[in-house]
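A closer look at the structure
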Amino acid sequence: MDVVRLSDSIASDLERRILEGTLKAGERLPPERELAEQLGVSRPSLREALQKLAAKGLVQTRQGGGTLVVDRLQASFVDPWREMLRGHPALQQDLLEFRHMLESQAALLASERANELDLERIEDAFQALELAYEHDDMPACIKADVAFHQAIAEASHNALITHLSASLHRLIQEHVAKNLQYLHRHPQKWQHIRDQHRDIWNATRSRDARAAAAAARDHIAYVQKSMSETALEESRLETTKRRVRSSPPRSTGS
């Protein structure tokens, strides 16, 4: 009978935590002594496990700086697509269609699988978003918007949805910011998107899977529409700027 090495067991446990999002990209692990005590293992076994994870590119140990979780699972998705989006802006629509599928399924699964702690985390994220709306704090709104959707993705208890959602939001962060700024300039639209987040949260905590999925689909469809409007508004502004630059100086009169 094969005997599983203790270091392999420790590495597997930490790897599972990375996959499920308990340990997030960029997060610093506790000091070696503390982590060994938490796991109930020896420091040599923990050190060997961390070396195995480092070989897989999941963690990185820095001299004097501790051990960090590496964003390999996200970066391997984000980096090539970020370059493609820069060279082919039309891919933005394909990205939104993918987000449409991903977030509706995340909301559906979260409404079915979320435990009480998951619901508390989603509610905290929703309340932070509401507070940002109340204070009209745009940077906070952008951050809280992403955190709300990510909390739902994590409550789906699907590792791929969790990591793809995080990757997707990194990929479209600039576009999300532009879109929210556009909506903020139109009070009725701003209120509408605020209401949509509330609909998603209410359906999820009520465990109404069909309504949660529908609310998420409606939200992303609205985001698609408003992003198109944002792009059109930016295009018109650039046209006006070019006209201004090419126009002769205005006469000041005699």
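The structure we're discussing is the one just above.
All of the points below concern the structure found in this document. Because the structure is predicted, anything quoted here is derived from the model rather than measured. All residue numbers refer to positions counted from 1 along the written sequence of the respective chain. Given that the model is predicted, a residue must reach a pLDDT of at least 70 before its local features are reported, and side-chain atom pairs must reach 80 or more before they are shown or counted; all residues, however, enter totals for whole chains, interfaces and linings. Each side-chain value is derived from all of the structure's non-hydrogen atoms; neither hydrogens nor water enter the calculation.

Right, let's get into the nonpolar core. Of all hydrophobic cores here, the largest spans 47 residues; its most connected members are Ile-122, Phe-148, Ile-152, Leu-180, Leu-183, Trp-190 and Ile-193. For this core, the secondary structure elements donating two or more residues are helix 4 (72-87), helix 5 (91-113), helix 6 (116-134), helix 7 (138-155), helix 8 (159-171), helix 9 (173-184), helix 10 (187-205) and helix 11 (209-246). Looking at this core element by element, the count peaks at nine residues for helix 7. By the convention used here, residues are in contact when the closest approach between their heavy atoms is within 4.5 Å. Dropping the residues within four chain positions of it, Leu-180 is found in contact with Met-138, Cys-141, Ile-142, Asp-145 and Trp-190. Among the nonpolar cores identified, the runner-up in size contains 16 residues, and Ile-10, Ile-18, Leu-29 and Val-69 belong to it. In this text, buried Ala, Val, Leu, Ile, Met, Phe, Trp, Tyr and Cys residues form a nonpolar core when linked through side-chain atoms within 4.5 Å. A simple rule labels every residue: compare its accessible area, found with a 1.4 Å probe on the protein chains alone, to the largest value its type can have, and call it buried under 20%, exposed over 50%, or partly exposed in between. Numbering of helices and strands runs from the N terminus; a helix is a DSSP stretch of H or I covering at least four residues, while a strand is a stretch of E covering at least two.

Here the focus is the pattern of salt bridges. Salt-bridge detection follows one rule: a side-chain nitrogen of Lys or Arg within 4 Å of a carboxyl oxygen of Asp or Glu. Applying the stated criterion across every chain, the model contains 14 salt bridges. Across the pair Lys-52 and Asp-8 runs a salt bridge, and its minimum N-O distance is 3.2 Å. Residue Lys-52 is located in helix 3 (residues 43-55), and its partner Asp-8 is located in helix 1 (residues 6-20); the two are separated by 44 residues in the primary sequence. Relative accessible area serves as the criterion here: at 28%, Lys-52 is assigned to the partly exposed category. Owing to a relative accessible area of 32%, Asp-8 belongs among the partly exposed residues under this scheme. Between Glu-116 and Arg-207 there is a salt bridge, with the nearest N and O atoms lying 4.0 Å from each other.

The next thing to look at is the side chain of Thr-204. The residue Thr-204 is located in helix 10 in this model. The buried category is assigned to Thr-204, whose relative accessible area is 0%. In this structure, Thr-204 is in contact with Ala-107, Ala-110, Ser-111, Leu-119, Ile-122 and Ala-212, ignoring residues within four places of it in sequence.

It is worth spelling out the side chain of Thr-162 at this point. Here Thr-162 shows up in helix 8. Residues within four places of Thr-162 in sequence aside, it is in contact with Glu-20, Gly-21, Gln-150, Ala-153 and Glu-154.

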